[in-house]
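Understanding the architecture of this molecule
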Amino acid sequence: MSSLAVEHKAINLGQGFPDFPMNEQLVELVSKSMRNGNNQYVHMCGLPALRESIAAKCNRLYQANINPDTEITITPGGTYALYTAFTAILQPGDEVILFEPAYDSYIPNITINGGIPVPVSLNATDYCINWETVKAKVNNKTRAIIINSPHNPTGAVLSEYDIEQLRSIVTGTNIIIISDEVYEHLIFDDKPHLSMLKYPDLQERSFVCFSFGKTYHCTGWKLGYCMAPEPMMKEFRKVHQFNCFTCNSPVQYALAAFLKDEQQYLQLGKQIQKKRDYFAENMKQTKFTAIPSYGSYFQLYSYKDISDEPEYDFAVRLTKEAGVATIPVSSFYMKPENNQVIRFCFAKKEATLEEAINRLVKFG
Ligand code: PMP
């Protein structure tokens, strides 16, 4: 959809990246770090000072007790962290339960490791998890469950009820949780982020994956990290050592310092919520119907009142005729479902959102 957006000079509300500038202070810290000569390999598991800053942050936010030496590895982004976690645990024939619509890397990550993806569709009105369906899919081949909160593409977030249900399924089994928490700070309406790190009984069986790209609006930097208990992290590092070995060093030095300023990430939810609200308010002028978003960069909209075309055809036509690129939600399913819903990324400057909405009003 991004290539199509470029071809048709469309506003790209498809791909999840901000078009507003990132924090100048962080850019300055990276430049300084390079000028100070921090340009050589750092420790395979990540710069120790950065791992210490991350552990301090997570221990404070989630009352966790993470050991920075043995339980954190810095990775080139969240996607790589997820891939490495799957590769560390999967044997051919292992089953992995995932929720659809799902971030597009999960299924290829499972199948390339010989695993079998077991998709469970989220309820297409509010995108909640039907735990009875999950329970029916669990068997002795279930190796892992992957969860993602706040959720891409729907903006749904897990509740305490979901945590209870997850707990009731995994307790007493060897099931591992892979928790994709890259939107940890992009959460709205004062909802708390229910990280796996908050629950010792769940944390002890979880790989928890994060992305600095999402937290600091620098998706192109591709830096993230994974946390897991020591025995699981040992396996993770065996894969990491011969795949990536070590990540970009100047950025790690800069982030080790920048992460100490908690306001930078604590105010993020409110900042992005303003964009969600601005977008939602102005979209009322169109015939699209909003599906609530509680987190992430995204909001889904139904176009049932505009057309009955399949999602892919509609999204292509919207790009070409209205000049606004979006993502058909059907592309987040193994077997595409057509619910006449597309995904918009609202993490954009107000001027970008305003122009996109003007175009959508004319189109509708
Ligand atoms: N998980 C989800 C749900 C995402 O949306 C993304 C980014 N699009 C990632 C992981 C990966 O983040 P990164 O760019 O750090 O690889």
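1. As for the overall build of the chain
- Within the chain, the secondary structure is distributed over 15 helices and 13 strands.
- On C-alpha atoms alone, the chain measures out to a radius of gyration of 20 Å, which is about the 21 Å that the 2.2 N^0.38 rule sets for 364 residues.
- Its C-alpha atoms put the chain at 55 × 55 × 35 Å along the principal axes.
- When the 364 residues of the chain are sorted by exposure, 58% land in the buried category.
- Once local pairs closer than 6 in sequence are excluded, the contacts in the chain between residues at least 24 apart make up 75%.
- Looking at the chain, you have 35 positive and 39 negative side-chain charges, and the mean spots of the two groups are 3 Å apart.

2. Some details on the site of the ligand
- Around the ligand, the surrounding shell consists of Gly77, Gly78, Thr79, Tyr103, Asn148, Asn152, Asp180, Val182, Tyr183, Ser211, Lys214 and Lys222.
- Within the side chain of Asp180, a nitrogen or oxygen atom sits 2.6 Å from a nitrogen atom of the ligand.
- A distance of 2.6 Å separates an oxygen atom of the ligand from a polar side-chain atom of Lys222.
- Within the complex, the protein chains bury 91% of what would otherwise be the 400 Å² of accessible surface of the ligand.
- The cavity where the ligand resides is the largest pocket.
- Residues that form the shell around the ligand fall into these classes: three nonpolar, six polar and three charged.

3. Notes on the sheet that holds strand 10 (residues 298-302)
- Within the open sheet, the four strands sit side by side as 9-10-13-12. Their pairing is antiparallel. Only two strands of the sheet have a single partner each, and these edge strands are strand 9 (289-291) and strand 12 (327-328).
- As defined by bridge partners, strand 9 adjoins strand 10 across three bridges and the pair is classed as antiparallel. Its bridge partner being in strand 10, Thr289 is matched across the sheet by Ser302.
- Against the sheet, helix 13 (residues 268-283) contacts strand 10 and strand 13 (341-345), and its axis sits at roughly 15° relative to strand 10.

4. Details of the pattern of salt bridges
- Applying the stated rule across the entire model yields 13 salt bridges.
- Residues Glu164 and Arg167 are paired through a salt bridge, measuring 2.7 Å at the closest nitrogen-oxygen approach. In this pair, Glu164 and Arg167 both sit in helix 7 (residues 160-170), three residues apart, roughly one turn of the helix.
- Residue Lys284 is joined to Glu281 by a salt bridge in which the shortest nitrogen-to-oxygen separation is 3.0 Å.
- On the basis of relative accessibility, which here comes to 62%, the residue Lys284 falls in the exposed class.
- Each of the salt bridges in this network shares a partner with another, and the network as a whole consists of Glu164, Arg167 and Asp201.

5. A short note on the sheet that holds strand 5 (residues 142-148)
- Here we have seven strands laid out as an open sheet, ordered 2-8-7-6-5-3-4, and mixed in their pairing. Strand pairing shows two members of the sheet lacking a second neighbour, strand 2 (72-75) and strand 4 (116-121), which therefore form its edges. Averaged over neighbouring strand pairs, the angle between their axes works out to 20° when direction is ignored.
- Across the sheet, helix 4 (residues 78-89) lies against strand 2, strand 3 (95-100), strand 5, strand 6 (176-180), strand 7 (206-211) and strand 8 (224-227), angled at about 160° from strand 7, the strand it touches most.
- Here helix 10 (residues 230-241) sits on the sheet and contacts strand 2, strand 6, strand 7 and strand 8; the angle it forms with strand 2, its principal contact strand, is near 25°.

6. Notes on the pairing of strand 5
- Counting buried positions along strand 5 gives six out of seven residues, so the element sits mostly inside the fold.
- In terms of strand pairing, strand 3 meets strand 5 through three bridges, oriented parallel. Each residue of the ladder has a partner; that of Ile97, found in strand 5, is Ile145.
- Two elements, strand 5 and strand 6, share five bridges in a ladder whose sense is parallel. Looking at strand 6, one finds that Ile147 is bridged to Ser179.
- Regarding topology, helix 7 serves as the crossover connection from strand 5 to the parallel strand 6, and that connection is right-handed.

7. Describing the packing of helix 4 against helix 10
- Close contact between helix 4 and helix 10 brings their axes to 8 Å; oriented N to C, the two are set at 115°. Here helix 10 runs roughly perpendicular to helix 4, going by the angle between their axes. Helix 4 and helix 10 meet at a crossing whose hand is right-handed. On helix 10, the residues touching Tyr80, Ala81, Thr84, Ala85, Thr87 and Ala88 of helix 4 are Glu235, Phe236, Val239 and His240.
- A breakdown of the residues in the contact of helix 4 with helix 10 according to their chemical character gives six nonpolar, three polar and one charged.

8. Comments concerning the environment of Ser53
- Within the secondary structure, Ser53 is located in helix 3 (residues 48-62).
- Classification of Ser53 as buried rests on a relative accessible area of 9%.
- In this structure Ser53 touches Ala256, Leu259 and Lys260, once residues within four positions along its chain are discounted.
- A polar atom in the side chain of Ser53 sits 2.8 Å from the backbone oxygen of Ala256.

What counts and how
- Residues numbered from 1 in each chain as written.
- Predicted model: local features only at pLDDT ≥ 70, side-chain atom pairs only at ≥ 80, totals over all residues.
- Heavy atoms only, no water.
- Helix = DSSP H or I, 4+ residues; strand = E, 2+ residues; numbered from the N terminus.
- Rg over C-alpha atoms; globule rule 2.2 N^0.38 Å.
- Buried < 20%, exposed > 50% of the residue type's maximum accessible area, 1.4 Å probe, protein only.
- Contact = heavy atoms within 4.5 Å.
- Lys, Arg positive; Asp, Glu negative; His and termini not counted.
- Charge placed at Lys NZ, Arg CZ, Asp CG, Glu CD.
- Near = heavy atom within 4 Å.
- Polar contact = N/O pair within 3.5 Å; in protein donor to acceptor, adjacent residues only side chain to side chain.
- Areas by Shrake-Rupley, 256 points an atom, 1.4 Å probe, with all protein chains shown as cover.
- 1 Å grid on protein atoms, 1.4 Å probe; cavity = no way out; pocket = protein on both sides within 12 Å on 5 of 7 lines; lining within 4 Å.
- Sits in = over half its atoms within 2 Å of the grid points.
- Nonpolar A, V, L, I, M, F, W, Y, C, P; charged D, E, K, R; others polar.
- Pairing = 2+ DSSP bridges.
- Axes fitted to C-alpha atoms, helices over the stretch in contact; angles between N-to-C directions.
- Salt bridge = Lys/Arg side-chain N within 4 Å of Asp/Glu carboxyl O.
- Right-handed = clockwise from strand over helix to strand, strands pointing away.
- Parallel < 35°, antiparallel > 145°, perpendicular 65-115°, else oblique.
- Left-handed = near helix turned anticlockwise from the far one by under 90°.

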